[in-house]
Amino acid sequence: MSPLTVPIMMPSSAAAHLSLRFGFEGPCLTVSTACASGAAAIGEGVELLRRGAADVVLAGGVDSLVGYGAMAGFLRLDVMSRNVTSPEFASRPFDKDRDGFVMGEGAGFVVLQRVEDVPASGARTLGLISGHASSADAYHLVAPSPDGAGAVRCMALALADADIQPRDVAHVNAHGTSTVLNDRAEAVALRALFRGACPPVTAVKGSTGHMIAGSGAVEAIVSLISLQQRLIPPVAGLRTIDPEIDLDVVHGAPRDLPPGYALSTSFGFGGMNTALVLAAGEAGE
């Protein structure tokens, strides 16, 4: 074995590398909440700024699991798609014929500052993290709570943190893994939160696959770009919406995004939930 085996395998190694590369000497933290990790890390970055523990924060998520061990493990859990006849439709969140997610790899990071500090730094504001929250289902090690109670609680807390109401949300970037259980549980949660009047929903994993710990951060960035461009990207691979979903899922072509906030959700194994409320640079607090 390489003498670098342990440093490479440490969950904190990515944060350590970034600290070394850029000379960051403040809090150097690793958030490990399964598929919600990237989003939760952004939320923790917001809290560092709020309590004055940092003036600038680099926050996000990364994962690299395309290898024999991880792939075999997820296949044994029966959560990965086995669609080899039409791989372009293998990852298809909310589709009635979805059969699991496609493993992806990637990273996404944002640089966070307090709004009042931005003018002095000369940085260009790309968007705002208006609120965030995390919760636990306390239900099952891998399956989501079917009634979506933990997800509803998480999203409601994020909206409260942003001091907005559900009606202020113009778009939801869903966790949308393309697994039968997750997509349905998330749909139940969204219908409950918005009381049947859910805004348009998309899911990035139709394009990227599931980047596990990297997904939440990448999807938050996509949400910010959507707010900037006033466009909601369609769910790639989606052909026929599962009738049990009963949401306004954007598919086929992009859709105009009206003014308002975006809600980006991340729900991980173990019932670990994180929600981020985002706004365009000229809106929010």
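For the structure, check the block above.
Read on for an overview of the structure. (Residues numbered from 1 in each chain as written. Predicted model: local features only at pLDDT ≥ 70, side-chain atom pairs only at ≥ 80, totals over all residues. Heavy atoms only, no water.)

1. Things to note about helix α7 (residues 180-194)
Compared with an ideal rise of 1.5 Å per residue, which puts 15 residues at 21 Å, α7 spans 22 Å between its outermost C-alpha atoms and is within 8% of the ideal. Among all positions of α7, only N182, D183, A185, E186, A187, A189, L190, L193 and F194 are buried. Just past α7, the residue R195 takes up positive phi, approximately 50 degrees. (Helix = DSSP H or I, 4+ residues; strand = E, 2+ residues; numbered from the N terminus. Expected span 1.5 Å × (residues − 1). Buried < 20%, exposed > 50% of the residue type's maximum accessible area, 1.4 Å probe, protein only.)

2. Comments concerning the pattern of salt bridges
When the charged atoms of two side chains lie near each other, side chains of opposite charge can form a pair. Summed over the entire model, instances satisfying the criterion amount to 13 salt bridges. Ionic pairing is found between D78 and R82, a salt bridge with its closest N-O pair at 3.7 Å. For R184, the salt bridge goes to E244, with nearest N and O atoms at 3.7 Å. Remark: E244 occurs in the loop between β6 (231-232) and β7 (255-256) and R184 occurs in helix α7; sequence separation between them is 60 residues. A relative accessible area of 31% places R184 in the partly exposed class. Overall, E244 belongs to the partly exposed group, its relative accessible area being 48%. A network of salt bridges, in which partner residues are shared, links R98, D183, R184, D242 and E244. (Salt bridge = Lys/Arg side-chain N within 4 Å of Asp/Glu carboxyl O.)

3. A short note on the packing of aromatic side chains
Enumeration over the complete set of coordinates arrives at three aromatic pairs. The interplanar angle of 75 degrees and the centroid separation of 5.5 Å between the aromatic rings of F74 and F101 together place this pair among those described as edge-to-face. Residue F74 is located in helix α4 (residues 68-76), and its partner F101 is located in the loop between α4 and β2 (106-113); the two are separated by 27 residues in the primary sequence. With respect to burial, F74 and F101 carry one shared label: buried. Over the ring of F22 we find R21; its NZ or CZ atom is 5.0 Å from the centre of that ring. Lying over the aromatic face of F89, R239 brings its terminal NZ or CZ to 3.8 Å of the ring centre. (Phe/Tyr/Trp six-rings, centres within 6.5 Å; stacked < 30°, edge-to-face > 60°. Lys NZ or Arg CZ within 6 Å of the ring centre and 35° of its normal.)

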